[in-house]
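Examination of the molecular architecture
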Amino acid sequence: QVQLVESGGGLVQPGGSLRLSCVASGSIFRLFAVAWYRQAPGKERELVANITSAIPKSGTVNYADSVKGRFTISRDNAKNTVYLQMNSLKPEDTAVYYCNAGLRLGVGFGSWGQGTQVIVSS
């Protein structure tokens, strides 16, 4: 288990950009896959993007269809940090964004952060 702290959320206008950060404690973080999930009011938590472990090679990435071409997930293992660069934001991207890390990902697995709120509105 690792401790995860998300940051970078806020209020942004449609078409704008934000970069979320997920900082983890512990040197084993680089062994873990990491995902960003989001949960909008009244909706289930959904996968946004994930990146595999950096071992034995750089992580492979995967995106939800709704964010492909707009969001980019990346990791800096030296800083124990995973980023989510979000461009061309839409009102439907409004949600609380959560970081999840572990050998297995998903609700009920691995470690979760407290979440960071993203609001896309004019």
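Residues numbered from 1 in each chain as written. Predicted model: local features only at pLDDT ≥ 70, side-chain atom pairs only at ≥ 80, totals over all residues. Heavy atoms only, no water.

1. A closer look at the overall build of the chain
When helices and strands are counted, the chain shows zero helices and eleven strands. Each helix and strand of the chain, ordered N terminal to C terminal, gives the series β-β-β-β-β-β-β-β-β-β-β. The C-alpha atoms of the chain give 13 Å as radius of gyration, which agrees with the globular expectation for 122 residues (14 Å, within 12%). Dimensions of the chain, computed from the C-alpha atoms along their principal axes, are close to 40 × 25 × 25 Å. Per-residue burial over the chain gives 45% buried out of 122 residues. (Helix = DSSP H or I, 4+ residues; strand = E, 2+ residues; numbered from the N terminus. Rg over C-alpha atoms; globule rule 2.2 N^0.38 Å. Buried < 20%, exposed > 50% of the residue type's maximum accessible area, 1.4 Å probe, protein only.)

2. A few points about the state of the cysteines
Considering all chains together, one arrives at one disulfide under this definition. Across a sulfur-sulfur distance of 2.0 Å, cysteine 22 and cysteine 99 are joined as a disulfide pair. The disulfide joining cysteine 22 to cysteine 99 has a torsion of about -80° about its S-S bond and is therefore left-handed. Taken as a pair, cysteine 22 in strand β3 (residues 18–24) and cysteine 99 in strand β9 (residues 95–102) lie far apart in primary sequence, 77 residues in all. For cysteine 99, a relative accessible area of 0% corresponds to the buried category. (Disulfide = S-S within 2.5 Å.)

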